[in-house]
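Next come the chains, spelled out residue by residue.
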Amino acid sequence: QQRPAPRDGGMFKRSWFADKFVGAAPVGTRWVRHWDLAATAKATAARTAGVKLGKAPDGSFIVGHVEMTQSEGNEVRKLIKATAETDGHAVQISLPQDPGQAGKVQSRDMVAMLAGYRAHAEPETGDKVTRAEPFAAQCEAGNVYLVRGDWNQAYLDELCLFPGGSFKDQVDASSGAFGQLMRGRVAAPIFGTY
């Protein structure tokens, strides 16, 4: 059951990130953490991933951190809440809203759980590849940097296997965060009001 992929990557190429690691993001970076929520905790199923992506004052993009879990239900809710507390109020939180009434209820409950943070949920449109293309274009152009961390290798491994890899959660979360930044949904935080 191997999934062959080009040595340098699929839609994303490893070479695009060869010299794109930084110690920290520049001051003034606007941040969003988008969550891609898994439906089940089965080992072979999708995982829940939260990618923190920022837009720097110079227009470049910085992947600041990634959270991932194979858990479900209340454990996922605890992780999202704990991550919001760690990220702080300057990081906007973006959640997908699944279609149908159950999706609306779940997203409303998640946003309520995150009261006090800049959190919102909205439906995602288009397939995974189409949603990933704008982010991939910026990576190819050399406009995306990664803050050094223990999550870097797993993140790049998943990106470079996309769309042929088993997991797509970190790519989906990156695409969602990028979309929020590009649609102007992430405002600069108003410090001192939280």
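Just above sits the structure.
The following refers to the structure shown. (Residues numbered from 1 in each chain as written. Predicted model: local features only at pLDDT ≥ 70, side-chain atom pairs only at ≥ 80, totals over all residues. Heavy atoms only, no water.)

**Brief notes about the packing of aromatic side chains**
- Scanning the model with the defined rule gives 6 aromatic pairs in all.
- One residue, R47, lies across the ring of F167, its end atom 3.9 Å from the ring centre.
- For the cation-ring pair, K52 lies above W31, with the distance from its terminal atom to the ring centre recorded as 4.7 Å. (Phe/Tyr/Trp six-rings, centres within 6.5 Å; stacked < 30°, edge-to-face > 60°. Lys NZ or Arg CZ within 6 Å of the ring centre and 35° of its normal.)

**Some remarks on the pairing of strand β2 (residues 30–36)**
- When you tally the buried positions in β2, you get 6 out of 7 residues, the bulk of the element.
- Two strands pair when backbone bridges link them, and β2 and strand β3 (residues 48–55) are joined in this way by 7 bridges, in the antiparallel orientation. By the bridge assignment, D36 is partnered in β3 with A49.
- Judged from the 4 bridges that link them, β2 and strand β5 (residues 91–96) form a sheet pairing that is parallel. Bridge pairing in β5 places V32 opposite Q92. (Buried < 20%, exposed > 50% of the residue type's maximum accessible area, 1.4 Å probe, protein only. Helix = DSSP H or I, 4+ residues; strand = E, 2+ residues; numbered from the N terminus. Pairing = 2+ DSSP bridges.)

**A closer look at the side chain of Q97**
- Tracing the backbone through its elements, the reader meets Q97 in the loop between β5 and α2 (101–113).
- The class for Q97 is buried, based on a relative accessible area of 17%.
- Separated by 3.4 Å, the side chains of Q97 and S107 make a polar contact.
- When near neighbours in sequence (up to four residues on either side) are disregarded, Q97 contacts G103, K104, S107, A121, E122, P123 and E124. (Polar contact = N/O pair within 3.5 Å; in protein donor to acceptor, adjacent residues only side chain to side chain. Contact = heavy atoms within 4.5 Å.)

**Details of the side chain of D169**
- Here D169 shows up in helix α5 (residues 169–182).
- Discounting residues that sit within four places of it in the chain, D169 has contacts with D36, A46, R47, A49 and E158.

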